[in-house]
Amino acid sequence: MGAEYGSRSGVQGRISQWLRRRPKDTVDDERVREDLLLAAAAAGLPLAPAAYPSGYRCSCDRIGCPTPARHPVSFAWQTQSTTDRGQIERWARHQPQANFITATGMVHDVLDVPLSAGQQALERLLAAGIDVGPVARSGDDRMLFYTATRGTPEDEDEWWPCELDCHPETMDEHPGLRWHCRGSYVLVPPAKLPGELDVRWVRGPEHPLPDPLTLLETLTDECARVAGEPQNDVAAWPSRG
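The notes below deal with the structure included here. (Residues numbered from 1 in each chain as written. Predicted model: local features only at pLDDT ≥ 70, side-chain atom pairs only at ≥ 80, totals over all residues. Heavy atoms only, no water.)

## Remarks on the environment of Pro190
Here is step 1 of the chain: Relative to the helices and strands, Pro190 is located in the loop between strand S10 (185-188) and strand S11 (191-193).
Here is step 2 of the chain: Placed 156 residues apart in sequence, Pro190 and Glu34 show a C-alpha to C-alpha distance of 9.1 Å. (Helix = DSSP H or I, 4+ residues; strand = E, 2+ residues; numbered from the N terminus.)

The following block contains the structure:
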């Protein structure tokens, strides 16, 4: 889907330098910001502009915005989302403060877990030699594991409900593991959040997207451990949006 991303060695060097920054560092280098967004698009992640922090409020100026700086600016975000390099460059340059969301369920899904569970799961997965794709840290409470999508089976009869399935309007109902598939989205790094928090890559978009089922057992184990609850069998298929 994405256009060829030129000068990859120089871009990857700037991305690696950005990834080594401390979490409290601000993302003020517009060139690096644009490079990171284009790298995500080149990896196949469709992007669309999102709101950004305005003080401790959201740039949308909606009183009591339930997801400040975490939502797209257009109701047409699903059709607007793109990997087109030229369009993303125009958005990034004309909206220098904007965050970006990536629409899930088209090319990729996201397994979204509490931060402590995600950190332990990542260590376990890497130690076991399991291929882990891009991983992002969102604020001080969540970790996002990017995977290939399971969201568009050829046979629509394969769809069946799963409590892991997550859409923007139901995120509060899923304090443990959330599965963002068709009809959902997450912020893509680099993004700023209220309170001087941010969304940043732990493992960048150059890593291939794994099948979500290769990560699911470890992630659910760690979420259960963090919650202090007995582990239960969980359905392993996302439902239709």
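Here the narrative resumes, following the displayed structure.
## Some thoughts on the side chain of Thr82
Here is step 1 of the chain: By secondary structure assignment, the location of Thr82 is in the loop between helix H3 (77-80) and helix H4 (85-94).
Here is step 2 of the chain: For Thr82, the residues in contact, after removing those within four places along its chain, are Leu45, Pro46, Leu47, Gln87, Ile88 and Trp91. (Contact = heavy atoms within 4.5 Å.)

## Here's the deal with H4
Here is step 1 of the chain: Here H4 has its buried residues at Ile88, Glu89, Trp91 and Ala92. On an axial view of H4, the arc spanned by its buried residues comes to 165°, and they lie on one face. Exposed residues lying more than 90 degrees from the buried face of H4 are Arg93 and His94.
Here is step 2 of the chain: Looking at the buried positions of H4, the neighbouring elements they touch are helix H2 (30-42), strand S1 (47-50), H3 and strand S4 (99-103). (Buried < 20%, exposed > 50% of the residue type's maximum accessible area, 1.4 Å probe, protein only. Arc of directions from axis to C-beta.)

## Side note on the sheet that holds S1
In a beta sheet, neighbouring strands pair by backbone hydrogen bonds and run either parallel or antiparallel.
Here is step 1 of the chain: Strand order across the open sheet formed by three strands is S1-S4-S10, with antiparallel pairing between neighbours. The open sheet is flanked by S1 and S10, the only strands paired with a single partner. Taking the axes of each pair of neighbouring strands and ignoring which way they run, one obtains an average angle of 40° across the sheet.
Here is step 2 of the chain: In this structure, S4 lies alongside S10, joined through four bridges in antiparallel fashion. Residue pairing across strands places Thr102 opposite Val186, the latter belonging to S10. (Pairing = 2+ DSSP bridges. Axes fitted to C-alpha atoms, helices over the stretch in contact; angles between N-to-C directions.)

## Considering unusual backbone geometry
Here is step 1 of the chain: A cis amide bond, omega -5°, links Pro189 with the succeeding residue Pro190.
Here is step 2 of the chain: For Ala69, which is not a glycine, the phi torsion comes out positive at approximately 65°.
Here is step 3 of the chain: By secondary structure assignment, the location of Ala69 is in the loop between strand S3 (57-58) and H3.
Here is step 4 of the chain: Owing to a relative accessible area of 0%, Ala69 belongs among the buried residues under this scheme.
Here is step 5 of the chain: Positive phi, close to 60°, is recorded for Glu196, a residue that is not glycine.
Here is step 6 of the chain: If you trace the backbone, Glu196 turns up in the loop between S11 and strand S12 (197-203).
Here is step 7 of the chain: A relative accessible area of 76% means that Glu196 is categorised as exposed.

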